[in-house]
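Residue-level structure breakdown
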Amino acid sequence: MKFQVLSGLVAQALSVSAGTILWDGRFNDMTSSADLNNWSWGNQVGPYQYYIHGSSPVSAYVNLSPNYKNPADTGSRQGAKITLDNTAYWNGQNMRRTELIPQTSAAINQGKVYYHFSLMRKDINAPATTREHQIAFFESHFTELKSGWLSGAPGISDTLLRWCVGGQTQWSVEWAADVWHNVAYEIDFAAGTVGFWHSTGSDPLARKVAPVKTSTSSNGADWHVGVLELPRSGYPDTNEDFYWSGVYIESGSLTTSVAGPGQPIPGDGGSSSSSSSSVVSSSSSTRISSTSTQAPVVTSTTLVTSTTRVSSTSTSSAAPVQTTPSGCTAGQYAQCDGIGFSGCKTCAAPYTCKYGNDWYSQCL
């Protein structure tokens, strides 16, 4: 197996029986989180859009280190620690947010694709169990992870990590410290279904929930690698850290090995050496018991026998808030209302402000 590095870009090819990497967000190309500052609306470079964060320097919200990755993820040179602190408020909102958005023109919102990532917490700066956290979510929230007390639920706290579809819990587990949770969202944008693959530590991914029907809405620039925390009266802010590893999106066949495709060459963040990885063709997957209350759907796709990392230099992006002489309008998928929200509450045509919950409405 051979890799080709093209003109210092992230484009690579790996000849293994695996899927095609459409977008690679494994932080292998970055020296430090300061590289995120190279991105702007006028200079859309690098693997991530970086604009959803507080007013402090980037090191207050995102830090990179080999100590922050899943040790079993040999395809990653380092992982990321994403932090919420008492300055992590973005764009006049009352929710704490630190989020990265894939910067790519690849078709990550078409056909059947797999969204990979690993997530871990520690006891130090642990995410609050008394507030709702929306993790690895899309703007329409058709699928996401959640932790902590769910807004409007009875009780005071909740120690579970949940996978949700359309706001409904489909799978959950006790979120213990120092345990890596490896995840792949199995999204079929054409069929309108999403399934859930999961493992812990170094174990290979296994399908936990067969695909269920939902409205798979995405513009290709609205998957949030990070966390949004809903506010809750009477519960003060505390510093919270979320550890991320093995973030990438592939099509074709699912890579089940947590090692992931490829292996970074030490000291060279943009290069990789060959590495075997376990994969499973979605055409051969079988239905297993599901915790979903909706009818599961099993679909198929063609086995792809090469893995390709695509250069992520694109002008595609989620619509930012724009100011006009008569006021301001919020673009598609932007927040437009909610308790304590002080941003733009008028949506740009043809979008309207749709109620999500008391804290959050968005332009759809």
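These figures come from a predicted structure and were not determined experimentally.

In terms of regular secondary structure, the protein chain is built from zero helices and 26 strands. When burial is assessed residue by residue, the protein chain has 55% of its 364 residues classed as buried. Restricting the contact set of the protein chain to residue pairs at least 6 apart, pairs at least 24 apart contribute 67%. About 13,900 Å² of surface is accessible on the protein chain, with carbon and sulfur atoms providing 51% of the total.

Formed by 47 residues in total, the largest nonpolar core has its most connected members in Tyr115, Phe117, Ile135, Leu145, Tyr185, Trp223 and Trp244. In this structure Tyr115 touches Ile108, Asn109, Phe138, Val183, Ala184, Tyr185, Ile187, Phe189, Trp223, Tyr248 and Ile249, once residues within four positions along its chain are discounted. Grouped together as the second largest cluster of nonpolar side chains are six residues, Ala334, Cys336, Cys344 and Cys347 included.

In terms of backbone geometry, most residues other than glycine have negative phi values and most peptide bonds are trans. With an omega of 5°, the peptide bond running from Ala349 to Pro350 counts as cis. Although it is not a glycine, Phe27 adopts a positive phi angle of roughly 65°. Inspection of the secondary structure puts Phe27 in the loop between strand S2 (20-24) and strand S3 (48-52). If you check the backbone angles, Asn125 has positive phi at about 55° while not being a glycine. Classification of Asn125 by relative accessible area gives partly exposed; the value is 31%.

On inspection of all chains with the given rule, the structure shows two disulfides. Shown here is the disulfide that connects Cys347 with Cys363, its sulfur atoms set 2.0 Å apart. On the S-S bond that ties Cys347 to Cys363, the torsion sits near -85°, and the link is left-handed. Note that Cys347 is positioned in the loop between strand S24 (335-337) and strand S25 (353-357) and Cys363 in strand S26 (residues 360-363), a separation of 16 residues in sequence. The exposure class assigned to Cys363 is buried, which follows from its relative accessible area of 0%.

Applying the stated criterion across every chain yields a total of 18 aromatic pairs. Taken together, the ring pairs connect Tyr115, Phe117, Phe138, Phe142, Tyr185, Phe189, Trp223 and Trp244 into an aromatic cluster. Of note, Lys122 hangs over the ring of Tyr243, and the distance from its end group to the ring centre comes to 5.6 Å.

This next bit is on the confidence of the model for the protein chain. Within the protein chain, residue pLDDT values average 81, and 76% of them lie at 70 or more. Throughout residues 1-17 the model reports pLDDT below 50, and contacts reaching past four residues in sequence, or to other chains, amount to 49 contacts. Counting interchain partners and residues more than four positions distant, the pLDDT-below-50 stretch residues 267-326 has 181 contacts.

Take the pattern of salt bridges next. For the structure on display, the rule yields 14 salt bridges. For Glu186, the salt bridge is made with Arg207, and the minimal N-O distance between the two is 3.0 Å. Of this pair, Glu186 sits in strand S12 (residues 181-188) while Arg207 is found in strand S14 (residues 206-213), placing the two residues 21 residues apart along the sequence. No difference in accessibility class separates Glu186 from Arg207, as the two residues are buried. It is possible to trace a salt-bridge network through shared partners that takes in Arg96, Arg131, Glu229, Asp237 and Glu240.

What follows concerns the pairing of strand S5 (residues 79-84). Most of S5 sits out of view: six of its six residues are buried. Sheet topology note: the strand S4 (residues 62-65)/S5 ladder contains four bridges and is antiparallel. Bridge assignment links Leu64 to a residue of S5, and that residue is Ala80. Examined bridge by bridge, S5 and strand S16 (residues 240-251) share five bridges and lie antiparallel to one another. Residue pairing in the sheet places Ile82 in a bridge with Phe242 of S16.

Take the environment of Ile135 next. Of note, Ile135 is situated in strand S8 (residues 133-138). By relative accessible area, Ile135 is classed as buried at 0%. Along the sequence, Ile135 and Leu145 sit 10 residues apart, while their C-alpha atoms lie 4.9 Å from each other. In this view, Ile135 contacts Leu119, Glu144, Leu145, Ser147, Leu161, Trp175, Tyr185, Gly226, Val227, Phe242 and Trp244; residues no more than four positions away in its chain are not counted.

Here the focus is the sheet that holds S8. Strand order in the open sheet made by the seven strands is S3-S6-S15-S8-S9-S10-S11, with antiparallel pairing throughout. On the outer flanks of this sheet lie S3 and strand S11 (168-174), each paired with one strand and no other. Averaged over all neighbouring strand pairs, the angle between strand axes comes to 15°, with direction disregarded. In this structure, strand S9 (residues 143-147) lies alongside strand S10 (residues 160-165), joined through five bridges in antiparallel fashion. By the bridge assignment for S10, Lys146 is matched with Arg162.

Right, let's talk about the environment of Asn125 for a bit. Inspection of the secondary structure puts Asn125 in the loop between strand S7 (112-120) and S8. Sequence separation of Asn125 and Asp241 is 116 residues, and the distance between their C-alpha atoms is 5.5 Å.

Cut-offs used in this document
- Residues numbered from 1 in each chain as written.
- Predicted model: local features only at pLDDT ≥ 70, side-chain atom pairs only at ≥ 80, totals over all residues.
- Heavy atoms only, no water.
- Helix = DSSP H or I, 4+ residues; strand = E, 2+ residues; numbered from the N terminus.
- Buried < 20%, exposed > 50% of the residue type's maximum accessible area, 1.4 Å probe, protein only.
- Contact = heavy atoms within 4.5 Å.
- Areas by Shrake-Rupley, 256 points an atom, 1.4 Å probe, with all protein chains shown as cover.
- Core = buried A, V, L, I, M, F, W, Y, C linked by side-chain atoms within 4.5 Å.
- Disulfide = S-S within 2.5 Å.
- Phe/Tyr/Trp six-rings, centres within 6.5 Å; stacked < 30°, edge-to-face > 60°.
- Lys NZ or Arg CZ within 6 Å of the ring centre and 35° of its normal.
- pLDDT = per-residue confidence, 0-100.
- Salt bridge = Lys/Arg side-chain N within 4 Å of Asp/Glu carboxyl O.
- Pairing = 2+ DSSP bridges.
- Axes fitted to C-alpha atoms, helices over the stretch in contact; angles between N-to-C directions.

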